[in-house]
Amino acid sequence: MEELKAHPNTQAVLDGWRRLSEGVDAPEGPTTDDYPGLVGRLFVLNHVADRDYSFRRVGYALEQLFGRQLGEHNFLSIWSESDRRLVNAALIAAAVDRGPTLIRARGETLVGKRVDLEFALAPLFGRAGTATRFLGLCQTMTPEETLAGRPLRRLQALAIYPPAPTLYPAMRIVSSRCPGNRRRPT
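Position numbers for residues start from 1 in each chain and track the written sequence from start to end. Reporting in this predicted model follows two pLDDT cut-offs: at least 70 for local features of residues, and 80 or more for side-chain atom pairs to be given and counted; totals over whole chains, interfaces and linings ignore these cut-offs and use all residues. Hydrogens and waters are ignored; side-chain quantities use all the structure's heavy atoms.

Chemist: I keep staring at the overall build of the protein chain and nothing clicks. Help me out?
Modeler: Secondary structure elements follow DSSP: runs of H or I no shorter than four residues count as helices, runs of E no shorter than two count as strands, and numbering proceeds from the N terminus. Along the protein chain, the regular secondary structure elements total 3 helices and 6 strands. Its helices and strands in sequence order give the protein chain the pattern α-β-β-α-α-β-β-β-β, from N to C terminus. Each residue gets one of three labels from its accessible area relative to the maximum for its type: buried under 20%, exposed over 50%, partly exposed in between, using a 1.4 Å probe on protein chains only. Put simply, the protein chain has 186 residues, and 36% of those count as buried. Put simply, 59% of the contacts in the protein chain that link residues at least 6 apart link residues at least 24 apart. A contact between two residues is defined here by any heavy atoms of the two lying within 4.5 Å.

Chemist: Mind showing me how you'd approach the pattern of salt bridges here?
Modeler: Side-chain pairing between opposite charges can occur once the charged atoms of the two side chains come close. One side-chain nitrogen of Lys or Arg within 4 Å of one carboxyl oxygen of Asp or Glu is enough to make a salt bridge. Going through the model one piece at a time under the given rule, you end up with 7 salt bridges. Put simply, Arg106 and Asp116 hold a salt bridge, and the shortest N to O gap is 3.2 Å. Pair noted here: Arg106 is in strand S3 (residues 101–108) and Asp116 is in strand S4 (residues 114–125), with a separation of 10 residues, a long-range link. What you see here is one network of salt bridges that share partners, running through Glu108, Arg114 and Arg154.

Chemist: What's the story with the environment of Leu124 in this structure? I'm lost.
Modeler: Along the chain, Leu124 falls in strand S4. Remark: the alpha-carbon pair of Leu124 and Leu20, spanning 104 residues in sequence, is separated by 9.9 Å. When residues no more than four places from it in sequence are discounted, the contact partners of Leu124 are Trp17, Thr130, Ala131, Thr132, Arg133, Phe134 and Leu135.

As structure tokens, then:
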């Protein structure tokens, strides 16, 4: 994923995911006490079929934000129709590139109240080495009080940051001064 300034909760989840992915045991690392409110915003998606990413586990704060239980619902269904393909492509990119993707979004209530959101989606790989699940975080970027207690009904993707491509060694150009390749003065 392109390096950008993410919310501290988002950064904590992504850092934790990287440590777990690399097999690093960090007993002295941060705890949930260091990030209040984080756990209630976490969710797990189960990749069931093509364009079907069902919520498997959903934090309480996230269900409060949407005003309903999200378990077993398709993650793509909470997005506007025009953005579902983009979000699906972001999930596919995360699985193929084996890294997290970040989505900046705007949520809106039925009466037009808006809040900016940040979604982190990190693939979780099964025994076969394929991403069958995703660890997700939905972090509000603006105060939720602006919603006046009303649930979100529509999400619009504002920006999608796919995983950063694997860096390959830089190409090195070698030139040779072979006698046949010399330029002749004119």
